[in-house]
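Here are the chains, one letter per residue:
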Amino acid sequence: MADQDIEQAVARALEDAPQRNFRETVDLAINLRDLDLNDPSNRVDESVVLPSGTGQDTRIVVFAEGETAVRAETVADEVFSSDDLDDLGDDQDAAKDLADNTDFFIAEASMMPTIGASLGQVLGPRGKMPTPLQPDEDVVETINRMKNTVQVRSRDRRTFHALVGTEEMSAEEIGDNIDTILRRLYGDLEKGPLNIDSVYVKTTMGPAVEVA
């Protein structure tokens, strides 16, 4: 259950947003302080499962073989075999297009070394190396969980953004998503809430409303 102040801030952001002819997303703007972000260990890089979902389609690609590939095809946007992986490794333009148009990658753990060698230079800098799928993990459950996942990543910037929903979602649903992200940040940052200067919520084209 989100803090009432968070929910009220979201409600204001939704109410103040001008009408547009497209569906707007709702984003969280997070401003950090008292952190040396030139040191990679201080940077935020988290995959967060949103309790209310993202409110939009999340494109997921799977690298798998055999039964895992067959099961993945029922829920993933695309499934690549080892042979497909070899082809991608030989076509950097196709690999870059795939990386730019995919939110998350999942790969059988046994395929990770090959993916690292053939696609690491494309996926690594984009922060999109696959999540390894262990032999005892259910690929369908993993995909469905990741469809509700967002990447919260600061890189070397003090101000960064994270998707928390769309304008069609309720203030309560978006508030719950924001609460989940902030709790994760409080737990991960060196000084917890003291490392966060301010937090704002806004729709794509709407005004920013302070959350914290």
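Residues numbered from 1 in each chain as written. Predicted model: local features only at pLDDT ≥ 70, side-chain atom pairs only at ≥ 80, totals over all residues. Heavy atoms only, no water.

Visitor: Could you clarify how one ought to interpret the sheet that holds strand β1 (residues 25-32) in this entry?
Guide: Strands belonging to one sheet form pairs held by backbone hydrogen bonds; the direction of such a pair is parallel or antiparallel. Strands sit in the order β8-β1-β9-β10 across an open sheet of four strands; the sheet is antiparallel. Strands at the two margins of the open sheet, each flanked by one partner only, are β8 (159-166) and β10 (209-210). Strand direction decides the pairing type here: strand β9 (residues 196-203) and β10, joined by two bridges, are antiparallel. Bridge pairing in β10 links Val201 to Val209. Its contacts with the sheet place helix α1 (residues 4-16) against β1, β9 and β10, and it is angled at close to 40° to β9. (Pairing = 2+ DSSP bridges. Helix = DSSP H or I, 4+ residues; strand = E, 2+ residues; numbered from the N terminus. Contact = heavy atoms within 4.5 Å. Axes fitted to C-alpha atoms, helices over the stretch in contact; angles between N-to-C directions.)

Visitor: Where do I start with the nonpolar core in this structure?
Guide: Side chains of a nonpolar character, in soluble globular proteins, are inclined to be buried together. The biggest cluster of nonpolar side chains holds 32 residues, and the ones touching the most others in it are Leu28, Leu32, Val152, Ile178, Ile181, Leu185 and Val201. Those elements that place two or more of their residues in this core are α1, β1, β7 (149-153), β8, α7 (171-188) and β9. The element contributing the most residues to this core is α7, with six residues. Residues within four places of Ile181 in sequence aside, it is in contact with Leu28, Ile30, Val48, Leu50, Val150, Val152, Ala162, Leu163 and Val164. (Core = buried A, V, L, I, M, F, W, Y, C linked by side-chain atoms within 4.5 Å. Buried < 20%, exposed > 50% of the residue type's maximum accessible area, 1.4 Å probe, protein only.)

Visitor: I would appreciate a short explanation of the environment of Ile196 in the present structure.
Guide: Positionally, Ile196 belongs in strand β9. Accessibility expressed as a relative area gives 8% for Ile196, which makes it buried. When the C-alpha atoms of Ile196 and Val70 are compared, they prove to be 44 Å apart, with 126 residues separating the residues in sequence.

Visitor: Explanation requested: the pairing of strand β5 (residues 104-108) in the structure shown.
Guide: Within β5, five of the five residues are buried, which leaves the element mostly enclosed by the surrounding structure. Bridge count between strand β3 (residues 60-63) and β5: four bridges; the pairing is parallel. Residue pairing across strands places Val62 opposite Ile106, the latter belonging to β5.

Visitor: Honestly, the pattern of salt bridges in this entry has me stumped. Any pointers?
Guide: Side chains carrying opposite charge are able to pair once their charged atoms draw close together. Taken as a whole, this structure holds seven salt bridges when the rule is applied. With a closest N to O distance of 2.7 Å, Asp179 and Arg183 form a salt bridge. On the criterion of helical spacing, the pair formed by Asp179 and Arg183 is a turn pair, its members being four residues apart in helix α7. The class of Asp179 is buried, set by a relative accessible area of 13%. On the accessibility criterion, Arg183 (56% relative accessible area) is exposed. (Salt bridge = Lys/Arg side-chain N within 4 Å of Asp/Glu carboxyl O.)

Visitor: How do you make sense of the sheet that holds β3 when you look at a structure like this?
Guide: Spatially, four strands are ordered β4-β3-β5-β6 in an open sheet, and the strand pairing comes out parallel. If you trace the sheet from one side to the other, it starts and ends with β4 (78-80) and β6 (131-133), each paired once. Strand-to-strand twist across the sheet, computed as the mean angle between neighbouring axes with direction ignored, equals 25°.

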